[in-house]
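This is what each chain is made of:
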Amino acid sequence: MHGAGHILEVFYLILAAQVMAFLFKRLNQPVVIGEVLAGILVGPALLGLVHEGEILEFIAELGAIFLLFMVGLETRLKDILAVGKEALLVAVLGVAFPFVGGYLFGLQIGFATLPSLFLGTALVATSVGITARVLQELGVLSRPYARIILGAAVIDDVLGLIVLAVVNGVAKTGQVETGAILQLILLSVAFVGLAVALSPLFARLPLEKLPVGSPMGFALALGIGMAALAASIGLAPIVGAFLGGMLLSEVREKYRLEEPVFAIESFLAPIFFAMVGVRLELSALISPATLVAGSVVTVIAILGKVLGGFLGALTQGVRSALTVGVGMAPRGEVGLIVAALGLAAGAVDEVEYAIVLFMVVLTTLFAPFALKPLIAWTEKELRQAKE
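Residues numbered from 1 in each chain as written. Predicted model: local features only at pLDDT ≥ 70, side-chain atom pairs only at ≥ 80, totals over all residues. Heavy atoms only, no water.

A. Local environment of the overall build of the chain. Scanning the chain from terminus to terminus reveals 16 helices and zero strands. On C-alpha atoms alone, the chain measures out to a radius of gyration of 20 Å, which is about the 21 Å that the 2.2 N^0.38 rule sets for 387 residues. Its C-alpha atoms give the chain principal-axis dimensions of roughly 60 × 50 × 50 Å. Looking at the chain as a whole, 53% of its 387 residues qualify as buried. Sequence separation of 24 or more characterises 79% of the internal contacts of the chain that already satisfy a separation of 6 or more. When the accessible surface of the chain is summed, it comes to about 16500 Å², and 69% of that surface belongs to carbon and sulfur atoms. (Helix = DSSP H or I, 4+ residues; strand = E, 2+ residues; numbered from the N terminus. Rg over C-alpha atoms; globule rule 2.2 N^0.38 Å. Buried < 20%, exposed > 50% of the residue type's maximum accessible area, 1.4 Å probe, protein only. Contact = heavy atoms within 4.5 Å. Areas by Shrake-Rupley, 256 points an atom, 1.4 Å probe, with all protein chains shown as cover.)

B. Broad picture of a nonpolar patch on the surface. Residues Leu8, Phe11, Leu15, Val19, Phe22 and Leu23 make up a contiguous nonpolar surface patch of about 540 Å² in total accessible area. Its location among the elements puts valine 19 in helix H1 (residues 2-26). (Patch = residues over 30% accessible without salt bridge, like charges linked within 9 Å, V, L, I, M, F, W, Y side chains within 5 Å. Salt bridge = Lys/Arg side-chain N within 4 Å of Asp/Glu carboxyl O.)

C. Geometry of the packing of aromatic side chains. Taken as a whole and assessed by the stated rule, the structure comprises four aromatic pairs. Between phenylalanine 66 and phenylalanine 69 the ring centres are 6.4 Å apart and the planes differ by 85 degrees, which places this aromatic pair in the edge-to-face class. Here phenylalanine 66 pairs with phenylalanine 69, and both are found in helix H3 (residues 54-73), just three residues apart, close to one helical turn. On the accessibility criterion, phenylalanine 66 (8% relative accessible area) is buried. (Phe/Tyr/Trp six-rings, centres within 6.5 Å; stacked < 30°, edge-to-face > 60°.)

D. Structural context of the environment of glutamine 136. Within the secondary structure, glutamine 136 is located in helix H7 (residues 128-138). The exposure class assigned to glutamine 136 is buried, which follows from its relative accessible area of 15%. Remark: the alpha-carbon pair of glutamine 136 and arginine 319, spanning 183 residues in sequence, is separated by 19 Å. Ignoring sequence-local partners within four residues, the contact set of glutamine 136 consists of Leu67, Met70, Glu74, Leu141 and Glu265. For glutamine 136, the side chain forms a polar contact with the side chain of glutamate 265, separated by 3.2 Å. (Polar contact = N/O pair within 3.5 Å; in protein donor to acceptor, adjacent residues only side chain to side chain.)

E. Looking closely at the pattern of salt bridges. This structure, assessed with the given rule, holds eight salt bridges. Between glutamate 57 and arginine 279 there is a salt bridge; the shortest N-O distance is 2.9 Å. Placement of glutamate 57 in helix H3 and of arginine 279 in helix H12 (residues 258-279) is noted, with a sequence separation of 222 residues between them. Exposure remark for glutamate 57: the relative accessible area of 21% places this residue in the partly exposed category.

F. Spotlight on helix H11 (residues 237-247). For H11, the buried fraction is high: eleven of the eleven residues fall into the buried class. Looking only at H11, the buried set comprises Pro237, Ile238, Val239, Gly240, Ala241, Phe242, Leu243, Gly244, Gly245, Met246 and Leu247.

The following block contains the structure:
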């Protein structure tokens, strides 16, 4: 019954996600929000049909991996490098502003230094899966603003990891562990640099001549392998999956990779977003203290990313720059992981954890709703500029 129980839970997740996706599509709203709400509906918060567990978490992570692998397939490296300067600036400013804002607010409301540092760190990392789904749904992945968001998200993940390593080291040992941080930086830069260096080789690689069952089989092995390699050095697996997809972007049409990868993603990605809803503890969000502090932290989290994205991408025009800023706004599992690490280290209490949870929920819901009309506004300007 154990296996049958998990199959039943997957069925509930898929059914609820598909029904809610249909409803939100009919309402002309972002499908991803429907999928998250589907998880809340069937999760412990309401019906209790699905609960967190290692197997479902693993399936959900595969969903995120295939979503970003698919996005990588549709993104050529040369397009990312063309907006590299803007992506770097967006990432740096989008890490600095929320971190400083969260840290200062924590001190202002009476948190000690360490909890304030963890609060700032929880605001740093972007959950690019939410934004990538909206960009994919609207068919704008090839736009410069979309490429800036994706490029910045990779750099953002590396910077967020470094900030987390510093703060976690201080929590555990009371000091900054310089050696471990330098190793982390070198490994991260080497990983991304290797993907960039290998890109021209993969553009000419005859996949049909490799000792594998099929080009598609090789593509799947590469995507999962890159995700695993990224995870082994501490980066988010989705960063590796995105880079793996990008390595194959030049040959995707030749070997018809998009349709089969999209089929897998269409099955797994809704489970990932539904599990975001399953994880939400609504009871932790309703205390007055959490509502007030969480609302302020959410404003800091959104404004920090929007300001960083806007200033970093202003060379693309005001509308595109705003779109980049809003696209960088959603936080996700990374923010919760930071808070959970602080909780485990005794640096963060339940109230502070609930504030981060509140922020994650609101930024996750805010970005898709704000992005859809903002992208339409930006696309209108881009069309007018061509005429």
